[in-house]
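Commentary on secondary and tertiary structure
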Amino acid sequence: MIAKENILAIAKKTILSESEAIIKLIDFLDDNFVNTAEIIFNAKGRLIVTGIGKSAIIAQKIVATMNSTGTPSMFLHASEAIHGDLGMVQPGDVVICISKSGNSPEIKVLVPILKRFGNTLIGMTGNITSFLAKGSDYILNTTVETEACPINLAPTNSTTAQLVMGDALAVCLMEMRDFKSDDFAKYHPGGALGKKLLLRVKDMLEHTLKPMVNADASIKQAIFEISEKRLGVTAVVEDNKVIGIITDGDIRRMLNERDTFADLTAKDIMTKNPKVIKSTDMVVDALNILEDFSITQLIVVDGEEYKGVLHLHDILKEGIV
């Protein structure tokens, strides 16, 4: 058995080892990296990323990142490539081949074939004198001195270096494409992330009731409207324009302060100049307003037209937070 303090020491040593390996990548960045980014950016075809073993797993992650940030990419397993899958490589495609040693049997078979195809080949390797490095048009150097693995065998530092190099390339390509949040939203329509990027206030109002009373309405009418629409609030309108709101909190405060409200109207107890938002605004922006002002409802107004009420609970139900 290993003592708890030793487990923590091993974990810290591993993280430190990997972080040091990543820092050293900065010294390996040169014109090879610049040329790689420019060639991928200007390519008429796609980016094909291939590898074998743990490098293949890293290749899949790089492909996923590239696809989600505007660079069309495909994963090609190196061993499957030489058994038929090379058909996915088309003229104009750029190929990144990932291999720590750069000398595995599959790589030695694959590299000459890719060169005969005429595709630009970028080798991402930790051995710049390897077969892969010598056969590549450009080299992304991911050399690590040792692995974090205590027996220096299991890919740890090396695969982390590959992953970080791929991320650096992806981020450069995003900047080169002027890739914005709206572009990101196109590729991430699902889940909480997609909703944050795509959901607009008007999308939340489709099944929402629209509580409102006239400025001269009685307090009883205001209470009835708040209760019936079940949003904890009602807009107060005058000449079809929202001039204020009454919340259930306003009603409670009024009842605490007065013995009777027979002589009061909605205009007397409303909150003037309520916080509003347009129906075309993003729901995430509405959420920020609600949080900033510690409120739970927003009046939705387009120009002077009252559209409805957006409630914090409805936003939470959508899973945006």
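Shown above is the structure to which this text applies.
Now for a look at the structure at hand.

Some details on the overall build of the chain
Across its full length, the chain holds 14 helices and 12 strands. Relative to a compact globule of 321 residues, whose C-alpha radius of gyration would be 20 Å, the chain shows 30 Å and is clearly more extended. Considering only C-alpha atoms, the chain reaches an extent of 90 × 55 × 35 Å along its principal axes. Counting over 321 residues, the chain shows a buried share of 42%. Long-range contacts, defined as pairs at least 24 residues apart, comprise 62% of the intrachain contacts of the chain with a sequence gap of at least 6. Distance between charge centres in the chain, computed from 34 positive and 41 negative side chains, equals 3 Å.

Some remarks on helix α10 (residues 219-229)
Restricting attention to buried positions, one finds in α10 the residues Ile 219, Ala 222, Glu 225, Ile 226 and Lys 229. Along the long axis of α10, the arc covered by the buried residues comes to 120°, so they all point the same way. Across α10 from its buried face, at more than 90 degrees, point the exposed residues Lys 220 and Phe 224. With its phi angle positive at about 60°, Arg 230 sits one or two positions after the end of α10.

Description of a nonpolar patch on the surface
Among the surface-exposed residues, Ile 2, Ile 7 and Ile 10 lie close enough to one another that they form a single nonpolar patch of about 280 Å² accessible area. Within the element layout of this structure, Ile 2 appears in the segment before α1 (4-25).

Some words on the sheet that holds strand β5 (residues 138-141)
Taken in spatial order, the 5 strands make up an open sheet running β2-β1-β3-β4-β5, and their pairing is parallel. The sheet is open, and its two borders are formed by β2 (73-77) and β5, each paired with just one other strand. Shown here is a sheet whose adjacent strand axes are inclined to one another by a mean of 20°, direction ignored. Here strand β3 (residues 94-99) pairs with strand β4 (residues 120-125) via 6 bridges, running parallel. Paired with Ser 99 across the strands is Thr 125, a residue of β4. Sitting on the sheet, helix α2 (residues 31-42) is in contact with β1 (47-51), β3, β4 and β5, with an inclination near 120° to β5.

Details of the environment of Glu 145
Note that Glu 145 resides in the loop between β5 and α7 (157-176). Placed 90 residues apart in sequence, Glu 145 and Ala 235 show a C-alpha to C-alpha distance of 67 Å. Side chain to side chain, Glu 145 and Lys 24 meet in a polar contact 2.9 Å long.

Quick word on the pattern of salt bridges
Any two side chains of opposite charge can pair, on the condition that their charged atoms come close. By the definition in use, this model includes 11 salt bridges. Between Lys 24 and Glu 145 there is a salt bridge, with its nearest N and O atoms 2.9 Å apart. Here Lys 24 is found in helix α1, whereas its partner Glu 145 is found in the loop between β5 and α7, with 121 residues between them in sequence. The class of Lys 24 is partly exposed, set by a relative accessible area of 37%. Its relative accessible area of 66% is what places Glu 145 among the exposed residues. The residue Lys 307 makes a salt bridge to Glu 305 at a minimum N-O spacing of 3.3 Å.

The rules behind these values
Counting restarts for each chain, with residues numbered from 1 along the sequence as it is written. Confidence filtering applies because this is a predicted model: local features only for residues at pLDDT of at least 70, side-chain atom pairs given and counted only at 80 or more, and all residues used for totals across whole chains, interfaces and linings. The side-chain values count all of the structure's non-hydrogen atoms but skip hydrogen atoms and water molecules. Starting at the N terminus, helices and strands are each numbered in turn, a helix being any DSSP run of H or I of at least four residues and a strand any DSSP run of E of at least two. Radius of gyration here uses only the C-alpha atoms, and the compact-globule reference equals 2.2 Å multiplied by the residue count raised to the power 0.38. Categorising residues by exposure relies on relative accessible area from a 1.4 Å probe, with only protein chains included: less than 20% of the type maximum marks a residue as buried, more than 50% marks it as exposed, and the intermediate range marks it as partly exposed. Any two residues whose heavy atoms approach within 4.5 Å at even a single point are treated as in contact. Neither His nor the chain termini are counted; the positive set is Lys and Arg, and the negative set is Asp and Glu. By convention, the point assigned to a charge is CZ for Arg, NZ for Lys, CD for Glu and CG for Asp. Here the arc refers to the set of directions running from the helix axis out to each C-beta atom. Put simply, a patch holds well-exposed residues, over 30% relative accessible area, that have no salt bridge, with like charges counted together within 9 Å and Val, Leu, Ile, Met, Phe, Trp or Tyr side chains within 5 Å. Surface exposure here means Shrake-Rupley accessible area, sampled with a 1.4 Å probe, where a residue is shielded only by the protein chains that are shown. Each salt bridge in this description consists of a side-chain nitrogen of Lys or Arg and a carboxyl oxygen of Asp or Glu lying within 4 Å of one another. A pair of strands is considered paired only if DSSP assigns at least 2 bridges between the two. Where helices are involved, their axes are fitted lines through C-alpha atoms of the stretch in contact, as for all axes, and angles between N-to-C directions lie from 0 to 180°. Any pair of nitrogen or oxygen atoms within 3.5 Å is treated as a polar contact; in protein, a donor-acceptor pairing is required on top of that, and neighbouring residues in sequence qualify only through side-chain atoms on both sides.

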